[in-house]
Amino acid sequence: MSTTPFPPVRIGQGYDVHAFGEGDHIMLGGIRVPHGAGVLAHSDGDVILHALCDAMLGALALGDIGQHFPPSDDRWKGADSSDFVRHCDALLQERGWQVGNTDITVICERPKVGPHALAIRERIAGLLQLPLDAVSVKATTSEKLGFTGRSEGIAAQAVVLLVAA
C-alpha cells in the first residue's frame, strides 16, 4: 500500500508514439486494425497499450515502460503488448492498487479508430478486469499538422485513476 496516507487514489498519465513503416496493419489496444502501413517498433508497437502501461506505472512512480521492457532486450522483440499490461496490472495489485478507470485518446489521421473503439474498449476491460464503462477510447486528428497530421505516425495518450484495492 501507499506511504501517502490520503487520498486512496492515484492518477497517472502516459504517452506513446510510433512512426509508420512497412506492413498492412497496426495493433491498437490489443486489436489488429487493417492499415496501409505497420509501425516501426521493437514490440508490436501498440501505442494505446504502451501509453496505458506508462500511465499505470506513473501513478505509482514505478518508472516507465522502457525500464520494464527495454527495447535493447531481445525478449521483447515483436512482443504482444497485452503481456505488458498484465505485468503492470500485477505490479499495481502487489502494491494494493487497481485501475478504477482509464481514458485514452488516439491521435492520427488514419486509420479511423471509431469503427474499432468498442472492440478496443472490450479488450482493455478484459485485460484489466474492468466494467466496459470504466474504459474510454476516443480519437482525434491533429488537423493535418505535425507528424500525425502528415500521416507519418500515430500517437496515444492515456490517463488512469488507481483506487486502493
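Parameters at a glance
- Residues numbered from 1 in each chain as written.
- Predicted model: local features only at pLDDT ≥ 70, side-chain atom pairs only at ≥ 80, totals over all residues.
- Heavy atoms only, no water.
- UniProt positions renumbered as here; feature names shortened; annotations may be inferred.
- Phe/Tyr/Trp six-rings, centres within 6.5 Å; stacked < 30°, edge-to-face > 60°.
- Helix = DSSP H or I, 4+ residues; strand = E, 2+ residues; numbered from the N terminus.
- Buried < 20%, exposed > 50% of the residue type's maximum accessible area, 1.4 Å probe, protein only.
- Pairing = 2+ DSSP bridges.

- The chain carries the name 2-C-methyl-D-erythritol 2,4-cyclodiphosphate synthase in an unreviewed UniProt entry, which gives Stenotrophomonas tumulicola as its organism.
- We quote the UniProt Subunit (unreviewed entry) comment for the chain here in full: "Homotrimer."
- Of the comments in the UniProt record for the chain, the one headed Pathway (unreviewed entry) reads "Isoprenoid biosynthesis; isopentenyl diphosphate biosynthesis via DXP pathway; isopentenyl diphosphate from 1-deoxy-D-xylulose 5-phosphate: step 4/6."

So, the packing of aromatic side chains
Logical step 1: A full pass over the atoms with the stated rule returns three aromatic pairs.
Logical step 2: Taking the centre distance of 4.0 Å and the plane angle of 20 degrees together, the rings of Phe69 and Phe84 count as stacked. Taken together, the residues Phe69 in the loop between helix H2 (65-68) and helix H3 (81-94) and Phe84 in helix H3 connect sequence positions 15 residues apart. Pair check on accessibility: Phe69 and Phe84 agree, each one buried.
Logical step 3: Measuring from ring centre to ring centre gives 5.8 Å for Trp76 and Phe84, while their planes differ by 85 degrees; the resulting arrangement is edge-to-face. Both residues of the pair, Trp76 and Phe84, belong to the buried class.
Logical step 4: An aromatic cluster of three or more residues is present, and its members are Phe69, Trp76 and Phe84.

Things to note about the pairing of strand S1 (residues 9-21)
A regular strand carries its side chains on alternate faces of the sheet.
Logical step 1: Judged from the eleven bridges that link them, S1 and strand S7 (residues 153-164) form a sheet pairing that is antiparallel. For Arg10, the partnering residue across the bridge sits in S7 and is Leu162.

Some details on the UniProt feature "domain: 2-C-methyl-D-erythritol 2,4-cyclodiphosphate synthase" (unreviewed entry) in the chain
Logical step 1: Per the UniProt annotation, the sites labelled "domain: 2-C-methyl-D-erythritol 2,4-cyclodiphosphate synthase" (unreviewed entry) are residues 9-162.
Logical step 2: In the segment residues 9-162, helix accounts for 31% and strand for 32%; the C-alpha atoms at its two ends are 5 Å apart.

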